[in-house]
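# Structural features, examined
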Amino acid sequence: MPAILSRVAPRINYVGSRLMASAARLETVPREEIHKEYDRKKTFYHKDLEIQLASPSQLKTKPLDPTKLKFGHTYADYMMTCDWDAETGWHHPKIEPIAELKIHPGAKVLHYASELFEGMKAYRGVDNKIRMFRPEMNMARMKRTAIRAALPDFDSEEMISVLTEMLRLDQEWVPNSDVCSLYMRPTLIGTDPTLGVAVSTEAKMFVITGPVGAYYSTGFQPVSLLADSRFIRAFPGGVGAYKMGCNYAPTIWVGKEAASKNCQQVLWLYGENEDLTEVGTMNIFLFWKNEEGEMELITPPLHRGLILPGVTRDSVLQLGREWGEYKVTERTLNMEEVKKALSEKRLYEMFGAGTACVVSPVGKILYHNKVTDEYEELQIPTMASKYGVMQKFYNTINDIQYGRIIKDGWMRDI
């Protein structure tokens, strides 16, 4: 068997005992690809995909109990890579056994954070089918971020098709569990080996995956938040709305400060009014009775560019509006409003929303009062709420992801 397989178009010329079913499914190019415009300056192509099978010694042992896996510590057998340069455009994408990357020490990613990534998941449903959750939204966000980072654009559907092939090869790594999943991390980095702040003329796309256990192994655990407006995550005109690594590194020290005060996450505030933006790496939601007496689900808006447009955020908003049980609002809200609602017993639930956990309940805010320069403890009654709004979102999205509920257009079969 050759080390590098022939391209997927027009036929895949390999059958291994471990992958016979996958090979059969990939045997011919989908009809729609035959007539598609071919321009490698614009994108890489699924039909150019090259696959290198792992040798028996490269195949790793699968975890016996995926529920005990720590996030990001275990990787599947394969990775995808695809190089780009300004002269040629995109090279052929490759799926190969996971290995270390080799880049020049002068690569722009190492000096100027010329980098972006996505976080998404695949699930093994109760019917044993493997599906990705809303991958087109992740790809749309990745493309927007690539443009903002001056890195090359690509076609979403071509990328999703390549991801599908990865999942078929690594299908045994998708946990057979309705509380675990396979995390997928598409990444794009600038690899131009020249110093100087400038557009990178070379880049590399790569994707790694790995099984992840249940976020809440013993049920929901409410988190405590440090809210201190002296620390800012993002600002208008910046890149807070894009999934770049440079947004995360500066938050690590603040996270350590939060941990030293027995808080698990940071509630990021912005401006003189201390507007709520995000919680940790998640979007923030409140369920309360507003000052007009309406039951309302509220989250900060996207228009100022301070907030990452989360896939789970969009899913929560869509479901809340479809149910029609309360008002659903995207608007700026600040800490004074939160404190007032708490004092008037109108704030019932507060939770984060994100890929890792779906939803994460907030139980306490340690708020730095900038007037008194002292900390105040604000108790959030999320876990005691009789309304169960957060729980309903968790149950519904979880049921969609594992195939117990069919939601048109939200799951992509492999």
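Residues numbered from 1 in each chain as written. Predicted model: local features only at pLDDT ≥ 70, side-chain atom pairs only at ≥ 80, totals over all residues. Heavy atoms only, no water.

### Topic: the side chain of Asn283
When you line up the elements, Asn283 lands in strand E13 (residues 282-289). Here the side chain of Asn283 touches Leu308 through a polar contact of 3.0 Å, landing on its backbone oxygen. A polar contact of 3.4 Å, which involves the side chain of Asn283, links it to the backbone nitrogen of Gly310. If we ignore the near neighbours within four places in the chain, the residues touching Asn283 are Glu278, Ile307, Leu308, Gly310, Arg313, Phe351, Gly352 and Ala353. (Helix = DSSP H or I, 4+ residues; strand = E, 2+ residues; numbered from the N terminus. Polar contact = N/O pair within 3.5 Å; in protein donor to acceptor, adjacent residues only side chain to side chain. Contact = heavy atoms within 4.5 Å.)

### So, the environment of Pro93
As for its position among the elements, Pro93 is in the loop between strand E3 (89-90) and strand E4 (94-97). A C-alpha to C-alpha distance of 26 Å links Pro93 and Trp410, two positions 317 residues apart in sequence. Setting aside anything within four residues of it in sequence, one finds Pro93 in contact with Phe44, Tyr45, Asp48, Leu49, Glu50, Met80, Thr81, Cys82 and Val162.

### Points about the domain arrangement of the chain
Structurally, the chain comprises domain 1 (46-212) and domain 2 (223-402). If you average the C-alpha positions of domain 1 and of domain 2, the two centres end up 29 Å apart. Listed per partner, the contact involves 27 residues of domain 1 and 23 residues of domain 2. For domain 1, the biggest contributors to the area lost against domain 2 are Phe133, Arg141 and Arg148; these three give 29% of the whole. At the junction of domain 1 with domain 2, the criterion picks out one salt bridge. Ionic pairing is found between Arg134 and Asp314, a salt bridge with its closest N-O pair at 3.0 Å. The interface formed by domain 1 and domain 2 includes 11 residue pairs in polar contact (both at pLDDT 80 or more). At the level of secondary structure, the elements contributing two or more residues to the side of domain 1 that touches domain 2 comprise strand E5 (115-117), strand E6 (120-124), helix H4 (135-148) and strand E8 (181-190). Take the side of domain 1 that touches domain 2: its biggest share by element is six residues, from H4. In terms of residue class, the side of domain 1 that touches domain 2 is built from 12 nonpolar, six polar and nine charged. (Domains from an automatic or database assignment. Buried area = accessible area lost by both parts, 1.4 Å probe. Salt bridge = Lys/Arg side-chain N within 4 Å of Asp/Glu carboxyl O. Nonpolar A, V, L, I, M, F, W, Y, C, P; charged D, E, K, R; others polar.)

### Regarding a nonpolar patch on the surface
Judged by side-chain polarity, Tyr112, Leu195 and Val197 come together as a nonpolar surface patch covering roughly 340 Å² of accessible area. Positionally, Val197 belongs in the loop between E8 and strand E9 (202-212). (Patch = residues over 30% accessible without salt bridge, like charges linked within 9 Å, V, L, I, M, F, W, Y side chains within 5 Å. Areas by Shrake-Rupley, 256 points an atom, 1.4 Å probe, with all protein chains shown as cover.)

### Quick word on the pairing of E9
Within E9, nine of the 11 residues are buried, which leaves it mostly tucked inside the rest of the structure. Here strand E2 (residues 78-85) runs beside E9; their pairing, made up of six bridges, is antiparallel. Along E9, the bridge assignment pairs Met80 with Val207. Here E8 pairs with E9 via 10 bridges, running antiparallel. Residue pairing across strands places Gly190 opposite Ala203, the latter belonging to E9. (Buried < 20%, exposed > 50% of the residue type's maximum accessible area, 1.4 Å probe, protein only. Pairing = 2+ DSSP bridges.)

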